[in-house]
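# Results of the structural survey
Listed below, chain by chain, are the residues.
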Amino acid sequence: MKTHRAPGWILLFTLALLFLQSGCASKIPASFPLAENKKPFVLDQLRQFRDRDCPQSLDADVTLEWTIYGKTEKIPGVLQLQSPAFLRYSVVDPLGRQLFILAGDGSSFTLVDNRKAKALTGRTDSAFWQKYIPDFISPSDYMHWLAGRLPAADFAVEEIRGDSQSPSTFWLITQWRGNIRHHVLFHLESSRISRHIVENDKGEVLLDVSYTDYGPNDPDCPHPHLLLAKGAEIKGTVQLRFDRIFPPAPIPERIFHLTLPDHFTVKTVD
């Protein structure tokens, strides 16, 4: 295995966000209709799951891993998130130096290549940003997607189906904005989410994320240590591994706002 050396910083930006992109070639797993008398209990467990008082920040050492044609590329980094919509992702070298930094506050972002003294800035509603982050994932959802939770916004569970492979897991089928259907695999006994699939109104799977390797240290708000995505757009598999999750604590807002040196070349994208 070798350390990934992106030929361009825009390519690295693409790789860093691949696990959130749409275009997956997955299929909706087999399931069966759940008996009506079992649905209230599942919904009550879901309510308890959503009502948990979980940390609103995440600070972790991570490794982004991309496998294609039998070869694996690894990109070590640091991921920091703070509610409501702050994000910072840094790609580091073996000495801990930050080679690339992506920082955003929910409405704008800055992408920095420290090696070439270049930066891109723009808004999260720009065409550039939405090439990488599908519009059904809002900045306020980043924490929920990466921590194996459900967005805080209200949504209705339209259907509950049993999973064909496990008697204690259930598919919660919901519809959110834009005629998008979400299929969430919910484990009743452990109160965890192990898979989240997004489907459009044509029946195409836009996003399929699996959550595994949950940590045992926080039984009330367990955190998955491995996120996995597969898809035709990726041409392989992409996974995000949480190598070390630091104890939850508020992250200063200044961490998510970058002050660039005067000699940096800065371009604003639309």
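Heads up: these notes are all about the structure in this document. Quantities reported herein were computed from a predicted structural model and do not represent experimental measurements.

What tends to happen in soluble globular proteins is that the nonpolar side chains get buried as a cluster. In terms of nonpolar packing, the biggest core is built from 50 residues, with Leu 79, Leu 81, Ile 193, Leu 240 and Phe 242 touching the most fellow members. Sorting elements by how many residues they give to this core places strand 13 (residues 205-214) first, with five residues. Beyond its immediate stretch of four places on either side in the chain, Ile 193 contacts Phe 49, Gly 148, Arg 149, Leu 150, Val 184, Leu 185, Phe 186, Tyr 211 and Tyr 214. Grouped together as the second largest cluster of nonpolar side chains are five residues, Ile 101, Val 112, Ala 117 and Ala 119 included.

Residue Pro 84 is bonded to the preceding Ser 83 through a cis peptide linkage, with omega at 10°. Residue position: Pro 84 is located in the loop between strand 4 (71-82) and strand 5 (86-92). Residues other than glycine seldom take positive phi values, yet Ala 117 does so here, at roughly 55°. Tracing the backbone through its elements, the reader meets Ala 117 in the loop between strand 7 (108-113) and strand 8 (118-123). In this structure, Asp 213 takes a positive phi of about 55° despite not being glycine. Here Asp 213 is to be found in strand 13.

This part takes up the state of the cysteines. The final tally for this structure, using the stated rule, is one disulfide. Paired through a disulfide, Cys 54 and Cys 221 show a sulfur-sulfur distance of 2.1 Å. Looking along the S-S bond of the Cys 54-Cys 221 disulfide, the torsion reads about -90°, which is the left-handed sense. Of the two residues, Cys 54 is situated in the loop between helix 2 (39-50) and strand 3 (57-68) and Cys 221 in the loop between strand 13 and strand 14 (224-231); the sequence distance between them amounts to 167 residues.

Turning our eyes to something else, we now look at the pairing of strand 6 (residues 98-104). For strand 6, the tally of buried residues reaches five of seven residues, placing the bulk of the element in the interior. Hairpin connection, strand 5 to strand 6: the antiparallel pair is bridged by five residues, and Gly 96 has positive phi, about 85°. Judged from the five bridges that link them, strand 6 and strand 7 form a sheet pairing that is antiparallel. Among the inter-strand pairings, Gly 104 is bridged to a residue of strand 7, identified as Phe 109.

So, how was this worked out
- Residues numbered from 1 in each chain as written.
- Predicted model: local features only at pLDDT ≥ 70, side-chain atom pairs only at ≥ 80, totals over all residues.
- Heavy atoms only, no water.
- Core = buried A, V, L, I, M, F, W, Y, C linked by side-chain atoms within 4.5 Å.
- Buried < 20%, exposed > 50% of the residue type's maximum accessible area, 1.4 Å probe, protein only.
- Helix = DSSP H or I, 4+ residues; strand = E, 2+ residues; numbered from the N terminus.
- Contact = heavy atoms within 4.5 Å.
- Disulfide = S-S within 2.5 Å.
- Pairing = 2+ DSSP bridges.

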